[in-house]
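Residues per chain are reported as follows:
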Amino acid sequence: WSNGVEPGKMWDRVGPSPLLLKYVESTDYIPAGKALVPGCGRGYDLVALASAERSVIGLDISETGVAAAKDYLKTVPTSVFRNPENAEVQCRSFFDLDPASNEKDSFDFVYDYTFLCALDPSIRADWADKMAQIIKPGGILLTLIFPIWVSPPATGPPFAVSLDLFEELLLPRGFECLELRMLEKDLCQEGRDGGLDGQGPFTAVGRWRRK
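Note that this is a predicted model, so its numbers are computed, not measured.

Novice: It is not clear to me how helix H3 (residues 63–75) should be interpreted in this structure. Could you clarify?
Specialist: Owing to its 3.6 residues per turn, the α-helix aligns residues three or four sequence positions apart on the same side. In a regular helix each residue adds 1.5 Å, so 13 residues correspond to 18 Å; H3 covers 19 Å between its end C-alpha atoms and thus fits that length. For H3, the complete set of buried residues consists of Gly65, Val66, Ala68, Ala69 and Leu73. All buried residues of H3 fall inside an arc of 160° around its axis, so they share one side. In H3, those exposed residues whose orientation departs by more than 90 degrees from the buried face are Glu63, Lys74 and Thr75. Its buried side turned inward, H3 meets helix H2 (44–49), strand S2 (54–60) and strand S3 (87–91). The residue sitting at the N-terminus of H3 and contributing the capping side-chain oxygen is Ser62; that oxygen lies 3.3 Å from the backbone nitrogen of Thr64.

Novice: It is not clear to me how the pattern of salt bridges should be interpreted in this structure. Could you clarify?
Specialist: Between side chains of opposite charge, pairing is possible as soon as their charged atoms come close. Overall, the coordinates contain seven salt bridges when judged by the stated rule. In this structure, Asp129 engages Arg173 in a salt bridge whose closest nitrogen and oxygen atoms are separated by 2.6 Å. Of the two residues, Asp129 sits in helix H4 (residues 124–134) while Arg173 sits in the loop between helix H5 (163–170) and strand S6 (175–182), which places them 44 residues apart along the sequence. The exposure class of Arg173 is partly exposed, given its relative accessible area of 23%. With a shortest N-O distance of 3.3 Å, Glu176 and Arg209 are connected by a salt bridge. Remark: Arg209 occurs in strand S7 (residues 202–210) and Glu176 occurs in strand S6; sequence separation between them is 33 residues. Residue classification places Glu176 among the partly exposed positions, given a relative accessible area of 33%. By relative accessible area, which is 33% here, Arg209 ends up partly exposed. Taken together, the salt bridges that share partners define one network made up of Glu179, Arg181, Glu184 and Arg207.

Novice: Explain the layout of surface pockets to me, please; I cannot follow it from the model alone.
Specialist: Any empty space left between the atoms is revealed when a probe the size of a water molecule rolls over them. In this structure, the second largest pocket occupies an estimated 400 Å³ of space. For the second largest pocket, the lining is made up of 18 residues, of which Val24, Glu25, Val47, Ala48 and Ala50 are closest to its centre. Here the lining of the second largest pocket gets three residues from one element, more than from any other, and that element is H2. Looking at the lining of the second largest pocket residue by residue, the classes come out as ten nonpolar, four polar and four charged.

Novice: Sorry if this is basic, but what is going on with the packing of aromatic side chains here?
Specialist: What describes a pair of aromatic rings is the distance from one ring centre to the other and the angle between the planes of the rings. Per the counting criterion, the structure on display carries six aromatic pairs. Look at Tyr23 and Tyr29: their rings are 4.0 Å apart centre to centre, the planes differ by 10°, and that puts the pair in the stacked class. A relative accessible area of 30% places Tyr29 in the partly exposed class. Geometrically, the ring pair formed by Phe94 and Phe95 is edge-to-face, given 5.1 Å between the ring centres and 80° between the ring planes. The lysine or arginine in question, Lys34, covers the ring of Phe107, its NZ or CZ lying 4.9 Å from the ring centre.

Novice: When you look at the nonpolar core in this model, what are you seeing that I'm missing?
Specialist: Taken as a class, soluble globular proteins show a tendency for nonpolar side chains to be buried jointly. Ile30, Leu46, Leu49, Val56, Phe109, Tyr111 and Leu142 are the most contacted members of the largest nonpolar core, which has 32 residues in total. Mapped by element, the contributors of at least two residues to this core are helix H1 (18–23), strand S1 (33–38), H2, H3, S3, strand S4 (107–113) and strand S5 (135–148). Setting aside residues up to four positions removed in sequence, Leu142 forms contacts with Leu20, Tyr23, Ile30, Phe109, Val110, Tyr111, Asp112, Val205, Gly206 and Arg207. Judged by nonpolar contacts, the second largest core, of 29 residues, contains Phe107, Ala128, Phe175 and Ala204.

Novice: What am I meant to see in unusual backbone geometry here?
Specialist: Glycine aside, residues mostly have negative phi, and peptide bonds are mostly found in the trans state. Between Phe146 and Pro147 the backbone carries a cis peptide bond, its omega angle lying at 0°. Residue Thr114 is not a glycine yet carries a positive backbone phi of 65°. Take Thr114: it is sitting in the loop between S4 and H4.

What counts, and where the lines are drawn
- Residues numbered from 1 in each chain as written.
- Predicted model: local features only at pLDDT ≥ 70, side-chain atom pairs only at ≥ 80, totals over all residues.
- Heavy atoms only, no water.
- Helix = DSSP H or I, 4+ residues; strand = E, 2+ residues; numbered from the N terminus.
- Expected span 1.5 Å × (residues − 1).
- Buried < 20%, exposed > 50% of the residue type's maximum accessible area, 1.4 Å probe, protein only.
- Arc of directions from axis to C-beta.
- Contact = heavy atoms within 4.5 Å.
- Polar contact = N/O pair within 3.5 Å; in protein donor to acceptor, adjacent residues only side chain to side chain.
- Salt bridge = Lys/Arg side-chain N within 4 Å of Asp/Glu carboxyl O.
- 1 Å grid on protein atoms, 1.4 Å probe; cavity = no way out; pocket = protein on both sides within 12 Å on 5 of 7 lines; lining within 4 Å.
- Points joined across faces, edges and corners; volume = space filled by probe spheres on them.
- Nonpolar A, V, L, I, M, F, W, Y, C, P; charged D, E, K, R; others polar.
- Phe/Tyr/Trp six-rings, centres within 6.5 Å; stacked < 30°, edge-to-face > 60°.
- Lys NZ or Arg CZ within 6 Å of the ring centre and 35° of its normal.
- Core = buried A, V, L, I, M, F, W, Y, C linked by side-chain atoms within 4.5 Å.

Shown next as structure tokens:
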């Protein structure tokens, strides 16, 4: 962010995932209540998630990124962003959330897309521990699992992930797997459907319920 990230460049996809747009239409997939998007980038997902029945907070540790998100949200027409009063961007670390001392730090729904893969692999267990702390019993974690490679590169970010990795992180911490599968190409964002050579990066989806 400090070097400036233009829309459509690097990790910016200029809009929410087609899968999120599909799932947000049904509370069977995404519950009402309080939602969280860690590493929210320019805030595209907040536009999709905010509704009369659902408030959403986007987090980023970059002040530049938070400013870019706030600027973007101001430009979205009300015909698309129907409940802007229910969306908020905060400059705050995901790991500072503490529902034990502040009930506002607990959520009915969390959406992770390119957040875990941006973290150093050494703190993946901390990510899973925090998810278990902040998601209410019965709450939902939706993970778009990216990037998946046939032959994963050794460096990052983004660091390569896998379906097995998410199971290993979440199942022992009290999450039930509701859905775990590779994502159809028409629900992937451009450049995230396996590539022309079929070697990656691919995207998968995992949906988890906190017991």
